[in-house]
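If you want the building blocks of each chain, they are given just below.
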Amino acid sequence: MSTPAARSPPPDDAEPVEQVVVPAAAPTVLVQALDAWRQRLNAAGIPCRAVAFHSDEESWSQAFASEEKVLNDSWVLLRTRITPENPVALARVGVAASADMLMATTVQLPGGQSGIVGACLSPPHSEKAIQLLLLSLGWLQLTLSAQAIAQNVHAGRLLELIGHVGSQSDARAAAQEWVNRTAAWVRAGAPASSGLGLTLFEMRRDRPHWWVASDTAWAEKASAAVQEATEVATRASVEMQEVTQGTWWALPILDDGQPVAVLVARNEAGPLVPEALATLRASAGLAEPLLRHWREAGRSLPRHLLEATRETWHKLWGPGHLTWKFAAIGLVAVSGVLLLWPVPDRVTANVVIEGRVRQVVTAPFEGFIAQVLVRPGDRVTKGQVLAKLDDRELKLEQGRYRSERDQAAGKQRQAMSERDAPAVALASAEVQQAEAQLALVESKLARAALTAPMDGMIVTGDWVQQIGGPVETGKEMFELATTDDYRVVLHVPDRSITLVHAGQTGALRLTGQPQQSHAFKVSTVTATATMQDGTNGFRVEAAWEGQAPPLSPGMQGVGKITVGTANLFTVWTRSSIDWLRLKLWGWWW
């Protein structure tokens, strides 16, 4: 079966062939296929008066060109009879014996979807004519499928081309491979383009610059051919559309509405045919973005920064890009607030409330706890018994030393009655020794009851759960603090201690009273460093400013010492900058 381009003319006795009137929206392949199919039917002696086509896609649908209402109504009804079980349907147009015959059947479109083709046959009708018409549908199906096959071959060729481009080692080699293979492809597909040469220009500062050319490793940029190609590329980039100028053709490739490259072709045999232009457009649209991003990624870091700066400058000061401009205005406003607006510069530290006077009650001797009468938080008065140590062994020792003293005294009296001077001296020494031991035991007994040295509150010392436990001499048992006067103790981190001085003011909030802030004034900065929550810091003491709230020793909170004024950026970034400085100094040396 011959192709549509080589079809035979109809015989002289055939009826005049009417051209199929197809809407402008119908694809060219459908227009050509229906027109050729109808002509072949008439040439084979099958009088086909009109053809139509229906598909779910409106662009592929075509009603009969005839204005006959009966024909179009019959076509609509006949289409509803087409099912997978009944792919062919016949119907008369009208009720007269000489009425036209309408036939409908399914065909497959190039995209894979199904469609319904219809043919209006003039009388006389015969079974043979219907059979010939059905046979001719094979030619129509092949014609439509050939377009899909050609598209698949074209897509496969493009993918193969991109594969060769992607296998190169750098952007320039990839671009050279692309123009060489694209030029060879166009020459093979269009014999009239055997003298084709391609040149790819890249845009720099809105001007095209020669990059690569087909079948050329390098070119003299001052040569007449390069200059002429540059002029065509410049015109295409300015007009931002395809340019045909004699044997030259240029295609600007746009990105975000701006030309980023220009493909220039020159065919020595004359203007390029449409098939060659379609191949060049498809190849450029698919490969150039890959080459451009590849080229941009291969630039040096200074070049990246320069291009980014230039692009940002263009967006800020050029036309359009209102989002960038408003964002820049907002950034400037925020930067002005951060750098120019002075705010109090504060040092944050953990706070503990302590009584101004504090005393410690320690164990007077080594022993065991016999009784505990108070717990932390209890208020006590001076002389009140806080706890008692076990004194049973002391009382036994007291009785033993008293007995020894009495025995020594009896020996002393007997020696004196016998006027034995040495015995008197020895007995006197034993008496003194026993009295000394007795006095020591009695003093311990007197201190077995631990008493409060002043009026105040028990801050530390919860021994209720340790009755009967041993204690060592000098062991801290209780800590008392006054309840009529308090001081603020801050743990200032060592990174900020140089900013804190006596006389500075601040404010604090207690954990139990987070809704209120209280003023204080720094009184003493000590040289005592301690660890707290994993942070090394120094003890700073402060006094209340104004009336102190109801407090208890040991209450905690957070305090802020005002050390001056600074801008917000300095306040927020000081700790990070100091940390970075210290790290850099440690690494450098």
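**Student:** Pulling in residues and values, what's your account of the overall build of the chain?
**Tutor:** Assigned secondary structure in the chain consists of 11 helices and 23 strands. Taking 25 Å as the expected radius of gyration for a compact globule of 589 residues, we find that the chain reaches 54 Å, considerably beyond that expectation. Seen through its principal axes, the chain has C-alpha atoms that stretch 180 × 70 × 50 Å. With 589 residues in all, the chain has 37% of them scored as buried. Restricting the contact set of the chain to residue pairs at least 6 apart, pairs at least 24 apart contribute 65%. Here the chain displays about 33900 Å² of accessible surface, and carbon together with sulfur accounts for 56% of that area. Of the charged side chains in the chain, 54 are positive and 60 negative; the average position of the first set lies 6 Å away from that of the second.

**Student:** Describe the nonpolar core, naming the residues involved and giving the relevant values.
**Tutor:** Of all hydrophobic cores here, the largest spans 29 residues; its most connected members are Trp178, Leu198, Leu200, Trp249, Leu272 and Leu291. Sorting the residues of this core by element identifies helix H3 (127-166), helix H4 (171-189), strand S5 (196-204), strand S6 (207-213), strand S8 (248-255), strand S9 (258-267) and helix H6 (274-297) as the ones contributing at least two each. It is H4 that provides the largest number of residues to this core, a total of 7 residues.

**Student:** Break down the pattern of salt bridges for me, citing the residues and quoting the values.
**Tutor:** Counted by the stated rule, this structure contains 22 salt bridges. Where arginine 292 meets aspartate 255, a salt bridge forms, and the shortest distance between an N and an O atom there is 3.5 Å. Within this pair, whereas arginine 292 is found in helix H6, its partner aspartate 255 is found in strand S8, the two being separated by 37 residues in sequence. For aspartate 345, the salt bridge is made with arginine 574, and the minimal N-O distance between the two is 2.3 Å. With aspartate 345 in strand S10 (residues 342-355) and arginine 574 in helix H11 (residues 568-588), this pair connects stretches of sequence that are 229 residues apart.

**Student:** Can you tell me about the sheet that holds S5, naming the residues and giving the values?
**Tutor:** Taken together, 5 strands build an open sheet; the order of strands is S6-S5-S9-S8-S7 and the sheet is antiparallel. Each end of this open sheet is capped by a strand with a single partner; those strands are S6 and strand S7 (243-245). Going from strand to strand, the sheet's axes swing by 25° on average, the running direction of each strand aside. Across the sheet, helix H5 (residues 224-239) touches S5, S6, S7, S8 and S9, and the angle it forms with S8 is around 45°. Contacting S5, S6, S8 and S9, H6 crosses the sheet at an angle of about 45° to S8.

**Student:** Could you give an account of the packing of aromatic side chains, with specific residues and numbers?
**Tutor:** All chains considered together, the criterion is met by 2 aromatic pairs. Taking 5.4 Å as the distance between ring centres and 45° as the angle between the ring planes, the aromatic pair formed by tryptophan 313 and tryptophan 317 counts as tilted. With tryptophan 313 and tryptophan 317 both in helix H7 (residues 301-317) and 4 residues apart, this pair spans about one turn of that helix. Accessibility classification places tryptophan 313 together with tryptophan 317 in one group, the exposed group.

**Student:** Any details on the environment of alanine 91? Residues and values, ideally.
**Tutor:** Considering the arrangement of structural elements, one finds alanine 91 in strand S2 (residues 88-93). Residues in contact with alanine 91, not counting those within four places in the same chain, are Leu78, Arg81, Asp100, Met101 and Leu102.

**Student:** I'd like a description of the side chain of serine 55, backed by residues and values.
**Tutor:** Relative to the assigned elements, serine 55 resides in strand S1 (residues 48-55). Each residue touching serine 55, except ones within four places of it in the same chain, is listed here: Trp60, Ser61, Leu109, Gln113 and Ser114.

**Student:** How would you sum up the sheet that holds S10? Please name residues and give values.
**Tutor:** Spatially, 6 strands are ordered S10-S19-S22-S21-S20-S23 in a closed barrel, and the strand pairing comes out antiparallel. Neighbouring strand axes in the sheet, compared pairwise and without regard to direction, differ in orientation by 45° on average. The pairing of strand S21 (residues 513-532) with strand S22 (residues 535-544) spans 9 bridges and is classified as antiparallel. The residue bridging lysine 521 from the neighbouring strand is alanine 543, located in S22.

**Student:** Quick one: what's the story with the side chain of serine 283, residue by residue and with numbers?
**Tutor:** As for its placement among the helices and strands, serine 283 is situated in helix H6. One polar contact links serine 283 to tryptophan 178, side chain to side chain, over a distance of 2.7 Å. In contact with serine 283, not counting residues within four places along its chain, are Leu158, Leu161, Trp178, Thr182 and Glu288.

**Student:** Quick rundown of the pairing of S1? Include the residues and the values.
**Tutor:** Among the 8 residues in S1, 6 count as buried, and that is most of the element. Across 7 bridges, S1 lies against strand S4 (residues 114-121) in antiparallel orientation. Within S4, the position partnered with valine 51 by the bridge is alanine 119.

**Student:** Quick one: what's the story with the environment of arginine 38, residue by residue and with numbers?
**Tutor:** Mapping arginine 38 onto the fold places it in helix H1 (residues 28-43). On a C-alpha basis, the gap between arginine 38 and alanine 119 in space is 8.5 Å, while along the polypeptide they are 81 residues apart.

Cut-offs and rules
Residues numbered from 1 in each chain as written. Predicted model: local features only at pLDDT ≥ 70, side-chain atom pairs only at ≥ 80, totals over all residues. Heavy atoms only, no water. Helix = DSSP H or I, 4+ residues; strand = E, 2+ residues; numbered from the N terminus. Rg over C-alpha atoms; globule rule 2.2 N^0.38 Å. Buried < 20%, exposed > 50% of the residue type's maximum accessible area, 1.4 Å probe, protein only. Contact = heavy atoms within 4.5 Å. Areas by Shrake-Rupley, 256 points an atom, 1.4 Å probe, with all protein chains shown as cover. Lys, Arg positive; Asp, Glu negative; His and termini not counted. Charge placed at Lys NZ, Arg CZ, Asp CG, Glu CD. Core = buried A, V, L, I, M, F, W, Y, C linked by side-chain atoms within 4.5 Å. Salt bridge = Lys/Arg side-chain N within 4 Å of Asp/Glu carboxyl O. Pairing = 2+ DSSP bridges. Axes fitted to C-alpha atoms, helices over the stretch in contact; angles between N-to-C directions. Phe/Tyr/Trp six-rings, centres within 6.5 Å; stacked < 30°, edge-to-face > 60°. Polar contact = N/O pair within 3.5 Å; in protein donor to acceptor, adjacent residues only side chain to side chain.

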